[in-house]
Structure formats: C-alpha cells, structure tokens
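Listed below, chain by chain, are the residues.
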Amino acid sequence: MLIVIGLIFVTALLAPWIFKLFREKTGWILALLPLGSFLYLLSFMPEIAAGGTITQSTTWVSMEFFEVNLAFYLDGLSLMFGLIITGIGTFIVLYGAGYLSGNEYLPRFYLAILLFMGSMLGVVLADNLISIFVFWELTSFTSYLLIGFNHEQEASRKAALQALLVTGIGGLALLGGMVLMGFASGQWEVSALLNEGDIIREHPHYLAILLLVLGGAFTKSAQFPFHFWLPGAMAAPTPVSAYLHSATMVKAGVYLLARLHPVLGFTDTWMILVGGFGVVTLLISAWLSLSFTDLKQILAYSTVMALGTMMMLIGLGTELAMQGLAVYILSHAMYKGALFMVAGGIDHEAGTRDVLKLGGLRKLMPISAVAAALAALSMAGIPPLFGFIAKEIVYEAALEATLLPVLFITLAVVANIAIVAASAIVVIRPFFGKQVETPKKAHETPPSMWIGPIILAVLSVVFGVLPFLVDKSLIVPVAGSVWGEPLDFYLSLWHGFNMPLMLSLLTLAGGLLTYRIWDGLRESAPMKGYQMVFARFPVNVYDGLVNGMLGLAGWQTRILQNGLMSNYLVTIMVTALVAIGYTFLTQSGIIWNPDFSNVHVYDWALSITIVGSLGIMLAFGNSRLTIIVAAGIIGYGLSLIYLMHGAADLAMTQVLVETLTVILVVLVLIHVPKIKEVRSGVSRTRDGVIAISAGLMMTLLILAVTAVPFDAFISEYYAEASYPLAHGRNIVNVILVDFRALDTMGEVVVVAIAGLAVYALIKMTRPGSSKENKS
Amino acid sequence: MDTILPILAGAIFATGIYMLLRQSLILTIIGIILISNSVNLALFSLGRISTENPPLIAAGSVMPEAPFANPLPQALILTAIVIGFGLLAFALALAYRSYKELGTVNQDELLEDPEDTSSAIVTHTENNENRDS
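Residues numbered from 1 in each chain as written. Chains lettered and ligands numbered in written order. Predicted model: local features only at pLDDT ≥ 70, side-chain atom pairs only at ≥ 80, totals over all residues. Heavy atoms only, no water.

A count of helices and strands for chain B gives four helices and zero strands. Counting helices and strands in the order they occur from the N terminus, chain B gives α-α-α-α. Within the span of chain B, comprising 133 residues, buried residues form 58% of the whole. Of the contacts formed within chain B by residues at least 6 apart in sequence, a portion of 48% connects residues at least 24 apart. Summed over all atoms, the accessible surface of chain B reaches about 5300 Å², with 62% contributed by carbon and sulfur. (Helix = DSSP H or I, 4+ residues; strand = E, 2+ residues; numbered from the N terminus. Buried < 20%, exposed > 50% of the residue type's maximum accessible area, 1.4 Å probe, protein only. Contact = heavy atoms within 4.5 Å. Areas by Shrake-Rupley, 256 points an atom, 1.4 Å probe, with all protein chains shown as cover.)

See below:
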C-alpha cells in the first residue's frame, strides 16, 4: 500500500511533464493510475470479505516515547473508502480533463488532485495515529490549493483560506486528541488501539480525548456550526467539488469517527455529542438546500445533510446504525458524485448553474439527463435504487435508537422531505419542462465528462436491484469494522410493509408537495430569515473572528513597535524585570554575608571612585567632556579591579580598549551638537525607577548565583590540560587561541565586519542623497 | 572585594540603563559602555574572586601553583571586551551617520523625518490593517 501511495505522489509531481508529452490525452493516461490502484485494492476484497485484515509496516521515525511507522491497515472500512477514493478518483481525473480543457492551469490541476488523492488514501489506509494526522493535514493543504484553483478571483482565495483555517484548527485539536490517546493507551497503531477501547473509555482523559477528536472530525466533515466552509468551498472548479467536497475529503471526519468508534464509542457522551451534532446538522442543512437556486449550493447543503446523517448513525452506535452507515456512505458517494459531475457539465455547456435559468436540457444532453435522473432517484430514496435501501436502514436505525427514538426519527423524516424536494429540483428544473435560452448554446458533454456520472448512476440501480453484489463482500465487513466485531446480515430491497416503508411513503409525499410549492417557499420571508441565520450568520462570525485577529495584531504592533527607541527599551527592560523578579519572589535563595573583613583600603578607594564617577555623570549629564572623563575613570577603575584579582590579561585589554573608546567618543562628539535633554520630570522619574530596579536585579542575580556552591570542573580541566595538551603557560590565552580557537576566529570576524561597517558608515554616501551637509 | 563587587556592578548597570533611556544618542552609547562594563564585572564575580595570583604556569612546571584565579571567566570577559568595543565603534559610527543624514542625535526626532526607514514600520502596519477589511 506504501507503494501505491508513493506512486501516486511521484506521478503527481511528474504530472506537469506528463502533460507536456501527451497534452489533451493526459487525462486518459493519468486516469490509469487511480484505476490501477482501484483494482489493486479490489484484489484484497475476497480476503477482507472472509473476515481478514491486512497490515503492512515500515519503520519511519523511532523514538523513546513513541514511534511513527509508515504502517497501513486494511479492513472493511478502509477498503471501502479506498475503493471510493480511487474509483471516483478515476472518473474525476477524466472529468477534469474535459471540464478544464484549454485551461492554462490544467497541469496544476493534475498535480494537486493527484497529491490530494495520495493524501486521502493515506488517511484511510494509514495505521499509525501520527501518520493519519500527517495525511489528514496534507488533505487540508491540497484542498486549499484546489479550492483556490482560480486564484485570480478573490472569492476563491477567500474560500480556500476559510476552508484551510476551519479544518486546520480542527486538525490541531485532532493532533492533541491523538497524542493524548496514544499516551493513554501506549498504542500508536490504530489496529492495536481497537482492542484498547476499555482502557481509553475509563481513562481520566477520556472526555478531553473525545472532545479534541470530535473537534477535528466535525470541522473536517462540516458539522454544525462549522458547516459554512463547505458551501463556501464551492468556489472550487466542479471536479474538485465533486471529489473533495462530496465523495471523499469531507467524509474524512466520518471515517475517523467510524474508525475510532470501537475505541471511543459506546458511551452516553459519545452518543449525545456525535448523534446530537449529526441530527442538528442534517436538519438545518437539508432545509437550507432549498433556499438556494445554484445547483452546486443545493448539492453542497444536501452533502452537509448526508454528512450529518452519517454522524447521527455513528452516534446511535447500534448494530443497525452501523449497517445503515456502511450502505449510506457507499450510496451517497455514488449518487452525489454523479450529480456534482452533471451539475458541472450543465455549467460547462449551458453557461449557468442557476436552476431558474435552465430547463428542457434533456433533449440536448440526453446522457447527462439519464445519469442525473437515476442519481437523483437514488438520492430521494426511491426503489429500486441503492439509495432506497440506505434510507430504509437509516429509518430503521433511528426507530430503534436507544435514546429518544421519536426525536431522531421525526427529525430524520423532516430532513429527508427536504432532500426529496432537492432531488426533484436538481433534475426536473434543468432537464425537464420548457426549453429555455441559456447563456451558451447547450449540447452534450464530451465522453470524458459523462462516462463517470453514467457509470455511477447505473451502479446505483445495479446495487439497488442486486444488493447481494456488495453486501457480503463489502457492506458487511465495513459494518463489522465500525461495530468492532464481525457482523452477519444481508441487504434486500423489499422489507415488507413495515414502519420504515410507511415513513418512506410519507417522506416521498411530503417531498413532492414541498417541490410543488418550492418557488413560493424559497422567496418567503421565513426561508430568507432561515438562510440568514444558518447560512450567512456563521460566515459573519468567522469573518468577525478573522478581522478581530488582524485588528488585534495591528493594535499590538502599534503599541509595541511605535518606532520610538526609548519605548522599545522600556518594554524590554520592564518585561525582563517582571520575569526575573517573579522568579526571585517564587524561589528566593539569596545569601549575602556582609563580610567586609577582606575588603582592603584600596578596594574601598576604587569603589568610591567609580561610584563617584557615576554620580558625576548623572549630575552633569549635559556636559560632554565631564561624561567622557567619568566614563574613562570607570573603565580604568575596572582594569585596576581586574589587575588586583589575578586577571592581568583583562587589565591590559581593558586599558587598551578604554583608551580607544575615549578617543573614538571624543572624535564623534566633536562633530555632533551639544547634549540636550528636554524630557519631562515624569519620564525621568519613570526611567530612574526602571534603572534602579535593573541595578538591583543585577546585584541580586550575582548574589543568587554566588550563593550556589562553586563547581570548578571546567576551569580545572583547562588549568590541567593547558600545558600538557597545548604547551601554553598562560591559561587564559590558551583557552582563547587553542581550546576555543574557532570561537575566537568568529569573534575576529565580527570585529572585522564591524570595522567594515564603520568605514562604510563614515565614508560612503548613498547615490542620489547628496543633500546639504549639515555638519 | 567580592562583598562589594555585586553592588558595584549593580550601580554601574543602573546608571547604564538610565543613560540608555536618554534622548541623546550619545548618552545612549555611554549607556552601552556602562552596561558592558557592568556585565563584565558580573561575570568576573560569578567566577568567584579568591586570590591575586594570575592563572599562569611557572617555567618548569605543568600546573599553575594553587591558589590561582579562575581562568574561564577571564577568557569570556576578554572576548566580551573586544566584541563590546566592536559594538561601540559601530554604534558611534551609526550615531555620526544618522546625524549627517538626519541632522539630529535625538532619538525622539528620528521618527519625524519622512524619509526615515523606521516610519516605514508604521505604514506597514496600516497596510496590514487594510488588507482584509
């Protein structure tokens, strides 16, 4: 499996060159790659159907606390997602070739879509928590590139950023949850984690793990209140919407929760949170889809509704719900993929996606019309299509919910009524009725664009009529993976006259009625308000947060970086004082023995001279000469201190440097005007307080350090090694030019660069800045 | 001497900080000199002051005769003095040049020149603000 993913990534990077070779045929050639991967995964089906699982592992990063393996785990759940990703991926590559034909960025599309495909396969096939996270983030990243494909348009860039921020923040939460989970159980492989459910559920961090993982899953799978990014992402070209924002990426959250259901599920918290968010999302978004006339927006909200349904099923957590989930994911991927591709085809050929401006296209686009009709029937849940089976089990699962079954089934039926109406809108409005003038003269799409939808639509019929084709081989293992233990059941189209069937009839009738009154409903004030509250308002909140963040950043930059150096210095000093002062207060270990017995008379004399010079400097701050002389006295005083305490080298250097310093300062002072200080008394007082605190801090720091017993290990090493190793008798010099010679060379370089800079500053003039010399 | 060195270092440091916060760039530079001196003195104290004997090895022996002064802080301070001098020379040249170009050595007035680069920071922030609104 590593080879498949690796091959997809490598081909993705080569795609622009492949395009140069094959031009218009590139799509057909590149489609062989996902097709091959599809067949490769399909070859595992008998083994998975027999109840087996497959693991492949390559060590990647090995550390003391955890290891990250490039491990892959194939069971029913990952097999079905893998098949959806590669199967629909094959059609999308073909479809993209037709849809973006002639677009100058087509090679870029191939690159990004294949990168995404590899990442998405990684998410569902990876076994290691950390590698799942890495692939997960890669899907966010590639999705950013794909949504922003039309990067000249501001709306695209904004939608791309919005999707990236929402899913990226969720990704961070997910990382936290995964790391907590790994440490709680000691297992980093999902396949091993599946047996540790009890440990995780009883762990004190269970709630934190659950909330963080849900944060990742809900943002990725566009659950309320994060649902707004998905309709926004419709700014992407349609092949991208069909693939990422319907069939695959948005289901990553569903996949993750289904994957972790045996580990995190079976608790009341799980059921309330996952089921609750799911049911709220499905209800809100189903009716939102009826407030739009743009085909892609209608489909986007119906996708959010489908994601909500999947979440609800995972939340319900019964055997029946797992069966429903498996069937629903497969049927949704097929009909929604087909519908999105048809919607893109209409847009491509007729020039608009607004259903009010379309009509009677069935004669002009017969193949698309058949595909759309079959897919829409499946979405509406009408027998004998596969979607009907899915909806029947969903209803059955809702009816048998362990908690509040009446609520779940009522909300599910109410939401599905809207979906039936939406299905009718997306197929009847564009294809049936009176033929209307469209912005472009419509005709059938090229084969590359209808082959995918028609195959997916026909499969919806085939699987519906002959469900035994997929039940034992795929659906049963999937439900078993999510349930945690193997299940045994079969699918059938006819369940007899039972409650779900009655509810289906009710749904159908309600849906058709809603469709009839759609034009009035859409324009009605309550619908407008509904759209305002649930579709626009979340976007406004998001915009407010982003702008607030930018405002905060601007504000703190203006405060902290206002261009006044004294402000910077005060900020730095006060921060340092507070940080160090806090440490002093919390862990004070200062010992000061005022033992003046070893302070000689000359020590006193020297100290008094230095302190006196400081005083003179402060008192006569406006006299340049006084200040230079005082600074000189302090410097020479220091050299005397060094000299008297066994540091002859330091004394010599200090004298030399002090002399040069005085000369340099004098040279510069000759050229600049007198010192003028016009600061107010308040700021002088403030500076005085800061300065005294800083001085105090310095003194306390030295006392704190000298209170700790001295470890002379390094000094003694140098003293002992100096002659035997370096043949030098001056230990300080040996350290500088031998033991730490490289450091000294660096220092010499620094001084040389400073010298060059000084030369440049004094001698060189900017070309064109020969303004009047003020010296 | 080790009893009063911490106080001496603190006093020099305090004066250095006060000078650093003055308007005149010249006083700022004096502040830098004082701060370097103070930090060197602090390093010297941290290596413990116990003896007057320099860390030198007498001819004919392979080890310095105990007690001898700690050579490690001396090596560090030696480096610091030289680097500090490089910094000082650069700062002085910068002050000199900014006086030549801008006609002032007053920190607060550096901002007021429209061609001054530090005012570019302010415009930059304003640009950021406008970007997404």
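Right, let's talk about the overall build of chain A for a bit. A tally of helices and strands in chain A yields 33 helices and two strands. Over its C-alpha trace chain A gives a radius of gyration of 37 Å, far above what one expects of a compact globule, namely 28 Å for 775 residues. Dimensions of chain A along its principal axes, counting C-alpha atoms only, are 110 × 65 × 55 Å. Looking at the 775 residues of chain A, the share that counts as buried comes to 55%. (Rg over C-alpha atoms; globule rule 2.2 N^0.38 Å.)

Residue and element names in this part refer to chain A. In this structure, Ser246 sits in helix α13 (residues 238-247). Given the relative accessible area of 0%, Ser246 is considered buried. Setting aside residues no more than four positions away along its own chain, Ser246 makes contact with Ser241, Lys251, Thr303, His332, Lys336, Gly337 and Phe340.

All right, on to the domain arrangement of chain A then. Residue and element names in this part refer to chain A. Structurally, chain A comprises domain 1 (1-185), domain 2 (327-523), domain 3 (526-561), domain 4 (565-711) and domain 5 (712-770). Here the C-alpha centre of domain 3 lies 32 Å away from the C-alpha centre of domain 1. Taken together, the contact pairs five residues of domain 1 with four residues of domain 3. Summed over both sides, the interface of domain 1 with domain 3 buries roughly 310 Å², with 57% coming from carbon and sulfur. Considering only the side of domain 1, the residues that lose the most area to domain 3 are Lys158, Gln162 and Leu165, jointly responsible for 86% of the buried surface there. The tally of links from domain 1 across to domain 3 stands at one salt bridge. Linking Asp543 and Lys158 is a salt bridge whose minimum nitrogen-to-oxygen distance equals 3.7 Å. The interface formed by domain 1 and domain 3 holds zero residue pairs in polar contact (both at pLDDT 80 or more) in total. Partitioning the side of domain 1 that touches domain 3 into residue classes produces three nonpolar, one polar and one charged. (Domains from an automatic or database assignment. Buried area = accessible area lost by both parts, 1.4 Å probe. Salt bridge = Lys/Arg side-chain N within 4 Å of Asp/Glu carboxyl O. Polar contact = N/O pair within 3.5 Å; in protein donor to acceptor, adjacent residues only side chain to side chain. Nonpolar A, V, L, I, M, F, W, Y, C, P; charged D, E, K, R; others polar.)

Residues and elements named next belong to chain A. Trp229, Leu257 and Leu264 are the most contacted members of the largest nonpolar core, which has 209 residues in total. In terms of residues, this core owes the most to one element, helix α17 (residues 319-350), which gives 20 residues. Once residues lying within four places of it in the same chain are set aside, the contact partners of Leu264 are Met181, Ile200, Arg201, Tyr206, Ile209, Leu210, Val213 and Trp270. (Core = buried A, V, L, I, M, F, W, Y, C linked by side-chain atoms within 4.5 Å.)

Let us look at the confidence of the model for chain A. Predicted confidence across chain A gives a mean pLDDT of 89, with 98% of residues reaching 70 or more. Residue range residues 770-775 of chain A is modelled with pLDDT below 50. Its contacts to residues more than four positions away, or to other chains, number eight contacts. (pLDDT = per-residue confidence, 0-100.)

Quick look at the packing of aromatic side chains now. Following the criterion strictly, the structure yields 20 aromatic pairs over all chains and no others. By way of ring pairs, the aromatic residues A:Phe19, A:Tyr105, A:Phe109, A:Tyr110 and A:Phe149 are connected into one cluster. In this structure, A:Lys220 is placed above the aromatic ring of A:Trp136, and the distance from its NZ or CZ to the ring centre is 5.1 Å. The cationic tip of B:Arg22 hangs over the ring face of B:Tyr18; the distance from NZ or CZ to the ring centre is 4.1 Å. (Phe/Tyr/Trp six-rings, centres within 6.5 Å; stacked < 30°, edge-to-face > 60°. Lys NZ or Arg CZ within 6 Å of the ring centre and 35° of its normal.)

Between chain B and chain A, the residue contacts involve 95 residues of the former and 113 residues of the latter. With both chains or domains summed, chain B and chain A bury close to 9200 Å², and 72% of this area falls on carbon and sulfur atoms. Looking at the side of chain B facing chain A, the largest losses of area belong to B:Met1, B:Leu21 and B:Arg48, adding up to 8% of the total buried there. For the interface between chain B and chain A, the tally reads one salt bridge. Between B:Arg22 and A:Asp687 there is a salt bridge, with its nearest N and O atoms 2.3 Å apart.

With that settled, consider the packing of helix α18 (residues 366-380) of chain A against helix α20 (residues 405-431) of chain A. Residues and elements named next belong to chain A. Relative orientation of the contacting elements α18 and α20 amounts to 170°, with a least axis distance of 8 Å. One finds that α18 runs roughly antiparallel with respect to α20. Residues Ser368, Ala369, Ala372, Ala373, Ala376, Met379 and Ala380 of α18 form the contact with α20, whose participating residues are Ile419, Val420, Ala422, Ser423, Val427 and Phe431. Grouping the amino acids of the contact of α18 with α20 by side-chain chemistry returns 11 nonpolar, two polar and no charged. (Axes fitted to C-alpha atoms, helices over the stretch in contact; angles between N-to-C directions. Parallel < 35°, antiparallel > 145°, perpendicular 65-115°, else oblique.)

Further remarks concern empty space enclosed by the protein. Overall, the coordinates contain seven cavities of 30 Å³ or more when judged by the stated rule. Here the largest cavity defines a volume of roughly 150 Å³. Lining the largest cavity we find 14 residues, and of these A:Val657, B:Ile33, B:Ser36, B:Asn37 and B:Gly84 sit closest to its centre. Space inside the second largest cavity adds up to approximately 100 Å³. At the level of secondary structure, the elements contributing two or more residues to the lining of the second largest cavity comprise α16 (295-316), α17, α18, α19 (386-399) and α20 of chain A. When grouped by side-chain class, the residues that make up the lining of the second largest cavity number six nonpolar, five polar and two charged. (1 Å grid on protein atoms, 1.4 Å probe; cavity = no way out; pocket = protein on both sides within 12 Å on 5 of 7 lines; lining within 4 Å. Points joined across faces, edges and corners; volume = space filled by probe spheres on them.)

As a further point, take the pairing of strand β2 (residues 67-74) of chain A. All names here are of chain A. A large share of β2 lies buried, amounting to seven of its eight residues. Inspection of the sheet shows strand β1 (residues 54-62) paired to β2 by eight bridges, in the antiparallel sense. Its bridge partner being in β2, Thr58 is matched across the sheet by Leu70. (Pairing = 2+ DSSP bridges.)

So, on to the confidence of the model for chain B. All names here are of chain B. For chain B, per-residue confidence averages 81 on the pLDDT scale, and residues scoring 70 or more make up 83% of the total. For chain B, the element scoring lowest by mean pLDDT is helix α4 (residues 118-131), at 41; helix α1 (residues 5-20) scores highest, at 94. In this model, residues 113-133 is a region of pLDDT below 50 whose contacts with residues beyond four sequence positions or in other chains number 18 contacts.

As a further point, take a nonpolar patch on the surface. All names here are of chain A. Together, Phe141, Tyr144, Leu145, Leu161, Leu165 and Ile169 give the surface a local cluster of nonpolar side chains, amounting to about 500 Å² of exposed area. For the nonpolar patch, the secondary-structure elements that each account for two or more residues are α7 (129-147) and α8 (154-185). By relative accessible area, which is 33% here, Leu161 ends up partly exposed. (Patch = residues over 30% accessible without salt bridge, like charges linked within 9 Å, V, L, I, M, F, W, Y side chains within 5 Å.)

Residue and element names in this part refer to chain A. Note that the residue after Phe224, namely Pro225, is joined by a cis bond; omega there is 5°. You can see Pro225 is positioned in the loop between α11 (206-220) and α12 (229-232). A cis amide bond links Pro383 with the next residue in sequence, Pro384, at an omega value of 5°. Following the sequence through the fold, Pro384 ends up in the loop between α18 and α19. Notably, Phe266 is not glycine yet its phi reads approximately 65°, a positive angle.

Let's shift gears to the pattern of salt bridges. Taken as a whole, this structure holds 14 salt bridges over all chains when the rule is applied. One salt-bridge network, in which partners are shared between bridges, spans A:Arg429, A:Asp519, A:Arg522, A:Glu523 and A:Lys528.

The next subject is helix α26 (residues 565-586) of chain A. The end-to-end C-alpha separation of α26(A) is 32 Å, in line with the 32 Å expected for 22 residues at 1.5 Å each. Listing the buried residues of α26(A) in full gives A:Ser566, A:Leu569, A:Val570, A:Met573, A:Leu577 and A:Phe584. Projected down its long axis, α26(A) carries its buried residues within an arc of 95°, all on one side. The exposed set on the far side of α26(A), more than 90 degrees from its buried face, consists of A:Ile572, A:Thr575, A:Val578 and A:Tyr582. The elements touched by buried residues of α26(A) are α30 (681-706) of chain A together with α1 of chain B. (Expected span 1.5 Å × (residues − 1). Arc of directions from axis to C-beta.)

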